[in-house]
Amino acid sequence: MNVVGQDAIRVKADTMHDLVGGIARKAGMPEGKADFLADMLIQNDLRGVFSHGSRQIATYAVLMRDGLINPDPQPAAVSDSPATIVVDGDGGLGYFAAAMGAESLIAKSRSLGIAAAVTRNHGHIGAAGIYARQIAEQGLIAYVTSGHQLHLNPEQSIMRAAGGSPMAFAVPSGETVPMVLDFGTMHDLYADSPHVPELFSLAPGLVFRSMGLGFMCQALGGFLAGVPLDEKEAARRYRGANQGSLIIALDIAAFMSPDAFKRQMDAYMEQTGRMQPMPGYDRATLPGVLEAEREQTWRQEGIPVDSGHRAALAKAAGQFGISMPF
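Just so it is clear, the structure is predicted and the values come from calculations on it, not from any experiment. (Residues numbered from 1 in each chain as written. Predicted model: local features only at pLDDT ≥ 70, side-chain atom pairs only at ≥ 80, totals over all residues. Heavy atoms only, no water.)

(A) Structural context of the overall build of the protein. A count of helices and strands for the protein gives ten helices and nine strands. The C-alpha radius of gyration of the protein comes to 20 Å, within 12% of the 20 Å expected for a compact globule of 326 residues. Projected onto its principal axes, the C-alpha positions of the protein cover 50 × 45 × 45 Å. Across the 326 residues of the protein, 46% fall into the buried class. Here the analysis covers contacts within the protein between residues at least 6 apart in sequence; of these, 72% occur between residues at least 24 apart. With the model as given, the accessible surface of the protein reaches about 15,900 Å², and the carbon-plus-sulfur share is 55%. (Helix = DSSP H or I, 4+ residues; strand = E, 2+ residues; numbered from the N terminus. Rg over C-alpha atoms; globule rule 2.2 N^0.38 Å. Buried < 20%, exposed > 50% of the residue type's maximum accessible area, 1.4 Å probe, protein only. Contact = heavy atoms within 4.5 Å. Areas by Shrake-Rupley, 256 points an atom, 1.4 Å probe, with all protein chains shown as cover.)

(B) Up close: the side chain of T185. Structurally, the position occupied by T185 is in the loop between strand 7 (179–184) and helix 6 (196–202). Looking at T185, the relative accessible area reads 7%, which means it is buried. A polar atom in the side chain of T185 sits 3.4 Å from the backbone nitrogen of G214. Discounting residues that sit within four places of it in the chain, T185 has contacts with S165, M167, S210, L213, G214 and C217. (Polar contact = N/O pair within 3.5 Å; in protein donor to acceptor, adjacent residues only side chain to side chain.)

(C) Highlighting the layout of surface pockets. Of the pockets and cavities examined, the second largest pocket occupies roughly 300 Å³. What lines the second largest pocket is a set of 16 residues, and nearest its centre among them are M159, R160, G163, Y190 and A191. Of the residues belonging to the lining of the second largest pocket, the class tally is eight nonpolar, seven polar and one charged. (1 Å grid on protein atoms, 1.4 Å probe; cavity = no way out; pocket = protein on both sides within 12 Å on 5 of 7 lines; lining within 4 Å. Points joined across faces, edges and corners; volume = space filled by probe spheres on them. Nonpolar A, V, L, I, M, F, W, Y, C, P; charged D, E, K, R; others polar.)

(D) Fine view of the packing of aromatic side chains. This model, assessed by the stated rule, comprises five aromatic pairs. A ring pair is formed by F200 and F208, whose centres lie 5.6 Å apart and whose planes are at 75°; its orientation type is edge-to-face. (Phe/Tyr/Trp six-rings, centres within 6.5 Å; stacked < 30°, edge-to-face > 60°.)

(E) Focus on the nonpolar core. Of all hydrophobic cores here, the largest spans 59 residues; its most connected members are L37, I57, Y95, Y131 and I247. By residue number, the principal contributor to this core is helix 4 (residues 94–112), which donates eight residues. Once residues lying within four places of it in the same chain are set aside, the contact partners of Y95 are F36, L37, M40, L41, H52, Y60, H124, I125, G126, I130 and Y131. If you look at the next biggest cluster of nonpolar residues, it comprises eight residues, including I252, F261, M269 and L286. (Core = buried A, V, L, I, M, F, W, Y, C linked by side-chain atoms within 4.5 Å.)

(F) Examining helix 4 more closely. Given a rise of 1.5 Å per residue, 19 residues ought to cover 27 Å, and the 26 Å separating the end C-alpha atoms of helix 4 matches this to within 8%. Approximately 30° is the largest bend angle found in helix 4, and it occurs at I106. Positioned one or two residues after helix 4, G113 has a phi angle of 95°, which is positive. (Expected span 1.5 Å × (residues − 1). Bend = angle between axes of the 7 residues up to and from the residue.)

(G) A look at the environment of F200. With respect to the element layout, F200 can be found in helix 6. Overall, the relative accessible area of 41% leaves F200 in the partly exposed class. C-alpha of F200 to C-alpha of L189: the two residues are eleven residues apart in sequence and 9.6 Å apart in space. Once you skip the residues sitting within four places of it in the chain, F200 turns out to touch V207 and F208.

(H) Local environment of the pattern of salt bridges. Counted according to the given criterion, the structure contains ten salt bridges. As a salt-bridge pair, K108 and D80 come within 2.5 Å of each other at their nearest N and O atoms. Separated by 28 residues along the polypeptide, K108 in helix 4 and D80 in strand 2 (residues 76–80) bring together distant segments of the chain. The partner of R120 in a salt bridge is D88, and the shortest N-O contact between them spans 3.9 Å. In this pair, R120 is assigned in strand 4 (residues 114–122) and D88 in strand 3 (residues 84–88), connecting sequence segments 32 residues apart. By relative accessible area, R120 is classed as partly exposed at 33%. Overall, D88 belongs to the buried group, its relative accessible area being 18%. One network of salt bridges, in which partners are shared, links R47, E295 and R299. (Salt bridge = Lys/Arg side-chain N within 4 Å of Asp/Glu carboxyl O.)

(I) Layout of the environment of R25. Relative to the elements of secondary structure, R25 occurs in helix 1 (residues 13–26). The spacing of R25 and R239 is 214 residues in sequence and 21 Å in space, taken between C-alpha atoms. Apart from residues no more than four positions distant in its own chain, R25 is found in contact with D18, E31, A34 and D35.

(J) Region of interest: the packing of helix 4 against helix 5 (residues 129–136). Axis separation between helix 4 and helix 5 bottoms out at 9 Å; the angle between their running directions is 25°. In terms of their interaxial angle, helix 4 and helix 5 are classed as roughly parallel. Viewed along their axes, helix 4 and helix 5 form a crossing whose handedness is right-handed. Note on element contacts: helix 5 touches helix 4 through I130, Y131, Q134 and I135, opposite G94, Y95, A98, A99, A102, E103 and L105. Residue classes in the contact of helix 4 with helix 5 are distributed as eight nonpolar, two polar and one charged. (Axes fitted to C-alpha atoms, helices over the stretch in contact; angles between N-to-C directions. Parallel < 35°, antiparallel > 145°, perpendicular 65-115°, else oblique. Left-handed = near helix turned anticlockwise from the far one by under 90°.)

(K) Seen up close, a nonpolar patch on the surface. A contiguous nonpolar surface patch, about 280 Å² in accessible area, is contributed by L152, F223 and L229. By the element assignment, F223 lies in the loop between helix 7 (204–221) and strand 8 (243–251). (Patch = residues over 30% accessible without salt bridge, like charges linked within 9 Å, V, L, I, M, F, W, Y side chains within 5 Å.)

Dropping the structure here:
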């Protein structure tokens, strides 16, 4: 899904922002929040993370219209200490609670060296990398994960117990871009993936490691965030508010000179960029480099939007009485 389609057309970021924000407002979201959500989704489009970009508004708008998600959440801290915070998302999309949690960790981690936020009672947080970058841009190291409501039964494969399992790390550098690893631990092992038997046959260790990471995402981003294993234990006003997240920030200064660390990261980026690429690829890069380059280029040239992406947006626009601008 995060590959540019051959039939893609270019759409300016501002045009896409207006469309996404317009659909969100038609679904009941106030203007300020609609603009914030559009900002988050367009960030992902610009970095090539199309799976978590503007096409998500098609799902979110229906959830809000149908009363499954609060269109106007008021996230608030329900527990706050010098090193930790618990943010209640008020039944809305998780972007608002997670951004609030990540922002709160900046001062906390600089004061104590490490700080953690848990967010709960909300829907999808989008790409975990959004919040990891939010922290890394302030010169801090970040880890983010999320979990959601499971529905397990003995007839299912244990792979289902790993859930969606997003995970992101971000490490700042000096003159170069931050190293950002943003991925789904189970992406290649979903039930509809045609390669699961082959992967298990050729590399069972890889499969088990992916599953193990997925289990950890669910424990730390789900159970720790108040998402119970048994949905009957959940007390939810909004049925779609079935996710949580864990966000951790580390201050480099608590361990060593930030400038010295960033010089190491710059050298790492530079030296690895001169190494031999993986077979079938023309460049050797660390995580986050290509995404940062896309963001800079596509902000000028426009976001590539293929036919499937356009169809999803057109359907949502039609449902909410908005004209497609492209």
